[in-house]
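Structure assessment
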2 protein chains.
Amino acid sequence: MSESTDRDARHKARMQRKKALIDEKIAQAQDEYGLLLVHSGNGKGKSSSAFGMVARALGHGIKVGVVQFIKGAASTGEETFFRRFPEEVSYHVMGEGFTWETQDRQRDIAKAQQAWAVAQRLLSDESVGLVLLDELNIALKHGYLELDTVLADIEARPLLQHVVVTGRGALPGMIEAADTVTDMSLVKHAFKSGVKAQKGIEF
Amino acid sequence: MSESTDRDARHKARMQRKKALIDEKIAQAQDEYGLLLVHSGNGKGKSSSAFGMVARALGHGIKVGVVQFIKGAASTGEETFFRRFPEEVSYHVMGEGFTWETQDRQRDIAKAQQAWAVAQRLLSDESVGLVLLDELNIALKHGYLELDTVLADIEARPLLQHVVVTGRGALPGMIEAADTVTDMSLVKHAFKSGVKAQKGIEF
């Protein structure tokens, strides 16, 4: 092989490697961004699955924010456990004492908005890599929060931040906005045949 | 009220409280037992949800055993995180290097049986309150383990021990044996539109 042919070959190989690197960076820039995941449906596992993701994120050294929109809806076990890591998990249980439709709707809306203010803080914190908005779908379904406001705040979050929204009855607009939607449906449930809730499993 | 009427009333109240206590104990004896939960389906969240239950159990001070039947199938994030608590979580990743159908079936069966031996140890340990058999359904579907043996060992576990089995394609016998079956079905997935797997979310 002549010297110039050899040089040409080396140049070509170098350029190919460079192109591969650039392509990879372009692909990264397009692909690596925070996802919006929605867990809905009538089955179990919507919140559990989200808390499994919290564990996963912590395993990767990612900081997590949790806002529970319905106090008592989620497991006290998970709360107790994840509160062990206050440096890594910012944990907020909100929505205590909702009166729901029947009673003082204005008060409920005010409480939901307090909860959303906490969510907004997490959704604008670049150091938080995963935000879990547990049972947010329920607050939206009851009209305690405006879907447009919620989606706009979620949309405006830091580029790499992941958000998980749980709760049955996800609104169509939430499903539309989501990257991933999982429907947990009930096939068979021990409660149906009279077995009572088990600590560590159901709550 | 005369003295004897008063005494009768107090006696009656005491007896009523006693009966309520006894009824409650009978109800407990009938109702409180370990559940077999199965997470199946093609959607996301089967393993995540089980790991959320691990966190919940730990929050209640319940010891946990984890056997992953397919190495690499579950999140490295969850493994990293839960290995932080060796006193509370007995974590076993098995099934490394399965060749599946195509290659050395006898070797795969041997590996699955090694994994099952670890599961058997956990399933006979009264100090373990929750056993997660992650992707066990896959090993069963490939016929690497006998369903009858697996169900017999699960059935013979300590009365209060909960078991969670994950993996798509749960065999009908597993669904039959389960107290709770949740089907995670995919409604929408970012991967489908070309978004790549995200650390802390997908793995």
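Since we're looking at a predicted model, the values are computed, not measured. Think of each chain on its own: its residues are numbered from 1, step by step along the sequence as written. Written order decides the labels, with chains lettered from A and ligands numbered from 1. For a predicted model such as this one, the threshold for reporting local features is a pLDDT of at least 70, and the threshold for listing and counting side-chain atom pairs is 80 or more; totals across whole chains, interfaces and linings nevertheless cover every residue. Calculation of side-chain values draws on the structure's entire complement of heavy atoms; hydrogens and water are dropped beforehand.

A separate point is the overall build of chain A. When you go through chain A residue by residue, the secondary structure sums to seven helices and six strands. Sequence-ordered secondary structure for chain A, helices as α and strands as β, is α-β-α-β-α-β-α-β-α-α-β-α-β. Accessibility here uses a 1.4 Å probe with only protein chains present; expressed as a share of the type maximum, an area under 20% marks a residue as buried, one over 50% as exposed, and anything in between as partly exposed. Here chain A holds 203 residues, and the buried ones make up 49% of them. Two residues qualify as a contact provided that any one of their heavy atoms is within 4.5 Å of a heavy atom in the partner residue. Pairs at least 24 apart in sequence give 79% of the contacts found in chain A among residues at least 6 apart. Labels follow the DSSP assignment, with helices taken as runs of H or I lasting at least four residues and strands as runs of E lasting at least two, numbered in each case from the N terminus.

Residues and elements named next belong to chain B. Every angle, taken between N-to-C directions, lies between 0 and 180 degrees, and every axis is a line fitted to C-alpha atoms, over only the stretch in contact when it is a helix. Two elements in contact, helix H4 (residues 105-123) and helix H6 (residues 147-155), have axes whose closest approach is 9 Å; the angle formed by their N-to-C orientations is 20°. By the angle between their axes, H4 is roughly parallel relative to H6. As for the relative orientation of H4 and H6, their crossing is left-handed in sense. Contacts from Trp 116, Gln 120 and Leu 123 of H4 reach H6 at Val 150, Asp 153 and Ile 154. For the contact of H4 with H6, the residue count by class is four nonpolar, one polar and one charged. Roughly parallel refers to an angle under 35 degrees, roughly antiparallel to one over 145, roughly perpendicular to one between 65 and 115, and oblique to any angle outside these ranges. By convention the crossing between two helices is left-handed if the near helix lies anticlockwise of the far one by an angle smaller than a right angle, and right-handed if it lies clockwise. Ten residues, namely Ala, Val, Leu, Ile, Met, Phe, Trp, Tyr, Cys and Pro, are considered nonpolar, four, namely Asp, Glu, Lys and Arg, are considered charged, and the remaining ones, Gly among them, are considered polar.

Phe 81 and Phe 82 of chain A together with Phe 81 and Phe 82 of chain B are the most contacted members of the largest nonpolar core, which has 40 residues in total. Look past the residues within four positions of Phe 82 of chain B in its chain and what remains in contact with it is Ala 55 and Phe 81 of chain A together with Phe 51, Val 54, Ala 55, Leu 58, Val 89 and Tyr 91 of chain B. To define a nonpolar core, start from buried Ala, Val, Leu, Ile, Met, Phe, Trp, Tyr and Cys residues and group those joined through side-chain atoms within 4.5 Å.

Another point: helix H2 (residues 46-59) of chain A. A rise of 1.5 Å per residue sets the reference length of H2 of chain A, with its 14 residues, at 20 Å; its end C-alpha atoms lie 20 Å apart and thus fit the reference within 8%. Remark: Gly 61 of chain A follows H2 of chain A within two positions and exhibits a positive phi of approximately 75°. The span one expects for a helix is its residue count, reduced by one, times 1.5 Å.

Between rings of Phe, Tyr and Trp, where Trp is taken as its six-membered ring, a pair exists when centres lie within 6.5 Å; planes separated by under 30 degrees are stacked, by over 60 edge-to-face, and by other angles tilted. Under the defined criterion, the tally for this structure stands at 16 aromatic pairs over all chains. Ring centres of Phe 51 of chain B and Phe 82 of chain B lie 5.9 Å apart, and the angle between their planes is 20°; on these two criteria the pair is classed as stacked. Taken together, the positions of Phe 51 of chain B in helix H2 (residues 46-59) and Phe 82 of chain B in helix H3 (residues 76-82) put the pair 31 residues apart, joining distant regions of the chain. Judged by relative accessible area, Phe 51 of chain B falls into the buried class, the value being 0%. Aromatic rings pair up to connect Phe 51, Phe 81, Phe 82, Phe 85 and Tyr 91 of chain A together with Phe 51, Phe 81, Phe 82, Phe 85 and Tyr 91 of chain B into one cluster. Two conditions define a charge sitting above a ring: the NZ of Lys or the CZ of Arg must be within 6 Å of the ring centre, and it must be within 35 degrees of the ring normal. Looking at Arg 84 of chain A, its charged tip hangs above the ring of Phe 85 of chain B, at a distance of 5.6 Å from the centre.

Here, strands pair whenever DSSP counts at least two bridges between them. The sheet built from 12 strands is open, its strands ordered E3(A)-E2(A)-E4(A)-E5(A)-E1(A)-E6(A)-E6(B)-E1(B)-E5(B)-E4(B)-E2(B)-E3(B) with mixed pairing. Two strands bound the open sheet, and with one partner strand each, they are strand E3 (89-93) of chain A together with strand E3 (89-93) of chain B. For this sheet the average axis-to-axis angle between neighbouring strands, irrespective of direction, equals 15°. Judged from the five bridges that link them, strand E2 (residues 64-68) of chain B and strand E4 (residues 130-134) of chain B form a sheet pairing that is parallel.

All names here are of chain B. Over its 19 residues, H4 extends 26 Å from the first C-alpha to the last, a length consistent with the 27 Å expected when each residue adds 1.5 Å. The complete set of buried residues in H4 reads Asp 108, Ile 109, Ala 112, Ala 115, Trp 116, Val 118, Ala 119, Leu 122 and Leu 123. Buried residues along H4 sit in contact with E2, E3, E4, helix H5 (136-141), H6 and strand E5 (162-166).

Right, let's get into the packing of H2 of chain A against H2 of chain B. Running from N to C, H2 of chain A and H2 of chain B cross one another at 80°; their axes reach a closest spacing of 6 Å. The angle between H2 of chain A and H2 of chain B falls in the class roughly perpendicular. Mapping the contact onto sequence places Ser 48, Ser 49, Phe 51, Gly 52, Met 53 and Arg 56 of chain A in H2 of chain A and Ser 48, Ser 49, Phe 51, Gly 52, Met 53 and Arg 56 of chain B in H2 of chain B. Split into classes, the residues belonging to the contact of H2 of chain A with H2 of chain B amount to four nonpolar, six polar and two charged.

With that settled, the discussion passes to the pairing of strand E4 (residues 130-134) of chain A. Residues and elements named next belong to chain A. Counting buried positions over the five residues of E4 gives five, a clear majority of the element. Of the two faces of E4, the one carrying Leu 130, Leu 132 and Asp 134 and the one carrying Val 131 and Leu 133 are both buried. In this structure, E4 lies alongside strand E5 (residues 162-166), joined through four bridges in parallel fashion. Looking at the pairing, Leu 130 lines up with His 162 of E5.

Whenever Lys or Arg places a side-chain nitrogen within 4 Å of a carboxyl oxygen from Asp or Glu, that contact is recorded as a salt bridge. Per the stated rule, a full pass over the model turns up eight salt bridges over all chains. Of the charged contacts in the structure, one is a salt bridge between Glu 78 of chain B and Arg 56 of chain A, with a shortest N-O distance of 3.0 Å. With Glu 78 of chain B in helix H3 and Arg 56 of chain A in helix H2, this pair bridges two chains. The residues Glu 78 of chain B and Arg 56 of chain A share a single accessibility class, namely buried. Asp 108 of chain B is paired through a salt bridge with Arg 107 of chain B; the nearest N and O atoms lie 3.8 Å apart. The class of Asp 108 of chain B is buried, set by a relative accessible area of 0%.

Function cannot be inferred from these measures alone, as they are strictly geometric.
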